[in-house]
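Architecture at a glance
Spelled out from the first residue to the last, the chains are:
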Amino acid sequence: NAGVTQTPKFRVLKTGQSMTLLCAQDMNHEYMYWYRQDPGMGLRLIHYSVGEGTTAKGEVPDGYNVSRLKKQNFLLGLESAAPSQTSVYFCASSFWKDSYGYTFGSGTRLTVV
Amino acid sequence: EDQVTQSPEALRLQEGESSSLNCSYTVSGLRGLFWYRQDPGKGPEFLFTLYSAGEEKEKERLKATLTKKESFLHITAPKPEDSATYLCAVRGETSGSRLTFGEGTQLTVNP
């Protein structure tokens, strides 16, 4: 009964460091998404995937890369972290046009100093 | 481009004081309007989906309604445990599976 699991939950990076956020879902969902949530700006789509081996850019993709090598996993990478990437990152998954939208993970709070 | 605007940004109520949250949207061909609840430090949790003007859905003290331009989340006799941020999102006909979210309304219910 895990749903969507994000790791890590918290991370502090120095400017210029790299890291990967992992999202795993056990619901056999085809679609997966990465959002960032910032005060006053709501949830903004970074990248998404419509199936294993596919990725696409969302609203704010610059500075991020993603990979979906396995259907259940969606990785978000930051190659050279910047303070502007300080945010809370949420992963979500869904079937095609699910009537309840998305199932979200519990988030990763990232601080770049 | 789909757009969602929620108001107010924050709302403080006394326990038992009913009120409504607003979600105004512009979308090319609505394929669903979604309400979520988000507690601090957690991901959003699904509440309702509405598809057409005139549709209403209820869950405990919450009722969501939909017109062609906006949706309302009515909260009747709220309790402190209803305190949370409420998010509205839309899916348009050109969006595929993607949702566009509003900034949310932070609701605080005081005992």
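Scroll up a little and you will see the structure.
Conventions and cut-offs
Residues numbered from 1 in each chain as written. Chains lettered and ligands numbered in written order. Predicted model: local features only at pLDDT ≥ 70, side-chain atom pairs only at ≥ 80, totals over all residues. Heavy atoms only, no water. Helix = DSSP H or I, 4+ residues; strand = E, 2+ residues; numbered from the N terminus. Buried < 20%, exposed > 50% of the residue type's maximum accessible area, 1.4 Å probe, protein only. Contact = heavy atoms within 4.5 Å. Buried area = accessible area lost by both parts, 1.4 Å probe. Salt bridge = Lys/Arg side-chain N within 4 Å of Asp/Glu carboxyl O. Polar contact = N/O pair within 3.5 Å; in protein donor to acceptor, adjacent residues only side chain to side chain. Pairing = 2+ DSSP bridges. Axes fitted to C-alpha atoms, helices over the stretch in contact; angles between N-to-C directions. Core = buried A, V, L, I, M, F, W, Y, C linked by side-chain atoms within 4.5 Å.

A look at unusual backbone geometry
With an omega of -5°, the peptide bond between Thr7 of chain A and Pro8 of chain A qualifies as cis. When you line up the elements, Pro8 of chain A lands in the loop between strand E1 (4-7) and strand E2 (10-13). Between Ser7 of chain B and Pro8 of chain B the backbone carries a cis peptide bond, its omega angle lying at -10°. Here Pro8 of chain B shows up in the loop between strand E1 (3-7) and strand E2 (10-14). For Asn28 of chain A, which is not glycine, the phi torsion reads 60° and is therefore positive. With a phi close to 55°, Glu60 of chain B is a non-glycine residue in the positive phi region. With respect to the element layout, Glu60 of chain B can be found in the loop between strand E6 (56-59) and strand E7 (62-66). Judged by relative accessible area, Glu60 of chain B falls into the exposed class, the value being 70%.

Examining the environment of Gly43 of chain B
Of note, Gly43 of chain B is situated in the loop between strand E4 (30-38) and strand E5 (45-50). Judged by relative accessible area, which is 9%, Gly43 of chain B ranks as buried.

Overview of the interface of chain A and chain B
Counting residues at the interface gives 21 residues for chain A, matched by 19 residues for chain B. Roughly 1,600 Å² of surface becomes buried between chain A and chain B when both sides are summed, with 56% attributable to carbon and sulfur atoms. The tally of links from chain A across to chain B stands at zero salt bridges. Linking chain A with chain B are six residue pairs in polar contact (both at pLDDT 80 or more). Of all elements in the fold, only strand E4 (31-38) and strand E5 (42-49) of chain A reach the threshold of two or more residues within the side of chain A that touches chain B.

Examining the sheet that holds E7 of chain B
All names here are of chain B. Read from one edge of the open sheet, five strands run E1-E3-E8-E7-E6, paired in antiparallel fashion. Looking along the sheet, the strands with just one partner apiece sit at the ends: E1 and E6. Taking each pair of neighbouring strands and ignoring which way they run, the sheet shows an average axis angle of 15°.

Describing the nonpolar core
All names here are of chain B. Formed by 23 residues in total, the largest nonpolar core has its most connected members in Leu33, Trp35, Leu73 and Tyr86. Where this core is concerned, the elements lending two or more residues are E2, strand E3 (19-26), E4, E5, E7, strand E8 (70-75), strand E9 (84-92) and strand E11 (105-110). Take this core: its biggest share by element is four residues, from E9. Every residue in contact with Leu33, bar those within four places of it in the chain, is listed here: Cys23, Tyr25, Phe48, Thr49, Leu50, Leu66, Ser71, Cys88, Ala89 and Val90.

Remarks on the pattern of salt bridges
Residue and element names in this part refer to chain A. One pass over the full model with this rule turns up eight salt bridges over all chains. Of the charged contacts in the structure, one is a salt bridge between Lys71 and Glu30, with a shortest N-O distance of 2.9 Å. Here Lys71, found in the loop between strand E7 (65-67) and strand E8 (73-78), pairs with Glu30, found in the loop between strand E3 (19-25) and E4; they are 41 residues apart in sequence, far enough to count as distant. Residue Arg36 is joined to Asp38 by a salt bridge in which the shortest nitrogen-to-oxygen separation is 2.8 Å. Here Arg36 and Asp38 have matching classes, each one buried. Put simply, Arg36, Asp38 and Arg44 are held in one network by salt bridges that share partners.

Brief notes about the pairing of E3 of chain B
Each regular strand shows side chains that alternate between the opposite faces of the sheet. All names here are of chain B. In the sheet, E1 pairs with E3 via five bridges, with the strands oriented antiparallel. Note on E3: the bridge partner recorded for Gln3 is Thr26. Taken together, the six bridges between E3 and E8 define a ladder with antiparallel strand orientation. Each bridged residue has a counterpart across the sheet, and for Cys23 the counterpart in E8 is Ser71.

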